Amino acid sequence: MITHKFFHLEMRMLEYWPEFLALYTINLINLMSPGAGCALVARNSMAYSRKSGLFTAFGIVSSSFIHKAYALLGFGLIISQTPVLLMTIKYIGCAYLLYLGVMCFINSMKKNGQSAFSVGDIQNSGKDIPRKQSFRMGFFTDLLNPMASVAFLSIVSATVNPATPLKVQAFYGLCLISTSLIWYSLLAYFFSNECFQVFFEKSSRWVEGFSGSVFIWFGIKMAT
């Protein structure tokens, strides 16, 4: 009996394999496309530490879990079809990205290495920031980007059959979240490498200025 149930379950999963493969492939391309999240993880990993980059990644993935959950449950459709709500969230997200950009430019003009991001949060030299602050930066950068949920909703609409059982869709979501965690963690490990740390120490003003430009560009792009 148990063997029969297992075989039946396996056959059901094989039935949804083409659907999952299409969803996973398109989402992976979207995930690996350069964005504000990637820029933030890279910047925090170089400017502070691997730990800071990882917790920034955890914040982004936690927000991504929320986006994917309500997109799969249909709430993303409500947001995308409610112009006032969509615009409100979008402009808050734009303001937050512009804030990050301005803070990077302030950092680039500082001579003593004290990070503008650390003001009011820590009293150390600015070499590192608390885990909760790194997490918060990543979380709100992704959460306040309604286009992330709209993009995922578009991907789901194009690849997933509405008749697909919710349990199977939950499995899809779990795989996508796991992939996001692996991807952003790899970015944190890559950019926290010693060679990047040395590069940042020598070129911190240029890197901060470039990071600020990237955040401001994404903020303006989101608004327009």
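Structure shown above.
Quick look at the overall build of the chain now. The secondary structure content of the chain amounts to 10 helices and zero strands. Ordered by position from N to C terminus, the α and β elements of the chain give α-α-α-α-α-α-α-α-α-α. Within the chain, the fraction of its 224 residues that count as buried is 46%. Put simply, of all contacts in the chain between residues at least 6 apart along the chain, 80% involve residues at least 24 apart.

In a packed pair of helices, the relevant descriptors are the angle between the two axes and the axis-to-axis distance. Two elements in contact, helix 4 (residues 50-73) and helix 8 (residues 146-159), have axes whose closest approach is 9 Å; the angle formed by their N-to-C orientations is 45°. Classified by the angle their axes make, helix 4 and helix 8 are oblique. Classified by chirality, the crossing of helix 8 by helix 4 is right-handed. Residues His-67, Lys-68, Tyr-70, Ala-71 and Leu-72 of helix 4 form the contact with helix 8, whose participating residues are Ala-148, Ser-149, Phe-152, Leu-153 and Val-156. Each residue belonging to the contact of helix 4 with helix 8 can be placed in one class, and the counts come to seven nonpolar, two polar and one charged.

Let us now look at the nonpolar core. In terms of nonpolar packing, the biggest core is built from 32 residues, with Val-41, Leu-97, Leu-100, Met-137, Tyr-184, Leu-187 and Phe-215 touching the most fellow members. Going through the elements one at a time, helix 3 (36-47), helix 4, helix 6 (83-109), helix 9 (166-191) and helix 10 (194-223) are the ones with two or more residues in this core. Ranked by residues supplied to this core, first place goes to helix 3 with seven residues. In this structure, Leu-97 is in contact with Ala-36, Thr-141, Phe-215, Ile-216, Phe-218, Gly-219 and Met-222, ignoring residues within four places of it in sequence.

Turning our eyes to something else, we now look at the packing of helix 2 (residues 17-32) against helix 8. Helix 8 packs onto helix 2 with a crossing angle of 155° between their chain directions and a minimal axis gap of 9 Å. Between helix 2 and helix 8, the angle falls in the class roughly antiparallel. Both helix 2 and helix 8 take part in a crossing whose hand is right-handed. Facing helix 2, whose interface residues are Glu-19, Ala-22, Leu-23, Ile-26, Asn-27 and Asn-30, helix 8 presents Phe-152, Ile-155, Val-156 and Thr-159. Across the contact of helix 2 with helix 8, the residue classes tally to six nonpolar, three polar and one charged.

Turning our eyes to something else, we now look at the layout of surface pockets. Estimated volume of the largest pocket: approximately 740 Å³. Every residue lining the largest pocket is counted, 26 residues in all, and those nearest its centre are Asn-30, Gly-35, Asp-142, Asn-145 and Ala-148. Secondary structure elements with two or more residues in the lining of the largest pocket: helix 2, helix 3, helix 4, helix 7 (131-143), helix 8, helix 9 and helix 10. Residue composition of the lining of the largest pocket, grouped by class: 13 nonpolar, 10 polar and three charged.

Looking now at the packing of aromatic side chains. Within this structure, the stated rule accounts for eight aromatic pairs. Ring plane angle 40° and centroid distance 5.7 Å describe the contact between Trp-17 and Phe-20, whose orientation is recorded as tilted. Here the residue Trp-17 and the residue Phe-20 both occupy positions in helix 2, the gap between them amounting to three residues, near one helical turn. When its relative accessible area of 47% is taken as the criterion, Trp-17 is described as partly exposed. An angle of 40° between the planes, with centres 5.6 Å apart, marks the rings of Phe-20 and Tyr-24 as tilted. Residue Phe-20 and its partner Tyr-24 are both found in helix 2; the two are separated by four residues, about one turn of the helix. Among the aromatic residues, those joined into a cluster by ring pairs are Trp-17, Phe-20, Tyr-24, Phe-171 and Tyr-172. In this arrangement the basic side chain of Lys-68 is found over the ring face of Phe-152, its NZ or CZ atom lying 4.9 Å from the centre.

Its 14 residues give helix 8 an end-to-end C-alpha distance of 20 Å, which sits within 8% of 20 Å, the value for a rise of 1.5 Å per residue. For helix 8, every residue scored as buried is listed here: Pro-146, Ser-149, Val-150, Phe-152, Leu-153, Ile-155, Val-156 and Thr-159.

What counts and how
Residues numbered from 1 in each chain as written. Predicted model: local features only at pLDDT ≥ 70, side-chain atom pairs only at ≥ 80, totals over all residues. Heavy atoms only, no water. Helix = DSSP H or I, 4+ residues; strand = E, 2+ residues; numbered from the N terminus. Buried < 20%, exposed > 50% of the residue type's maximum accessible area, 1.4 Å probe, protein only. Contact = heavy atoms within 4.5 Å. Axes fitted to C-alpha atoms, helices over the stretch in contact; angles between N-to-C directions. Parallel < 35°, antiparallel > 145°, perpendicular 65-115°, else oblique. Left-handed = near helix turned anticlockwise from the far one by under 90°. Nonpolar A, V, L, I, M, F, W, Y, C, P; charged D, E, K, R; others polar. Core = buried A, V, L, I, M, F, W, Y, C linked by side-chain atoms within 4.5 Å. 1 Å grid on protein atoms, 1.4 Å probe; cavity = no way out; pocket = protein on both sides within 12 Å on 5 of 7 lines; lining within 4 Å. Points joined across faces, edges and corners; volume = space filled by probe spheres on them. Phe/Tyr/Trp six-rings, centres within 6.5 Å; stacked < 30°, edge-to-face > 60°. Lys NZ or Arg CZ within 6 Å of the ring centre and 35° of its normal. Expected span 1.5 Å × (residues − 1).

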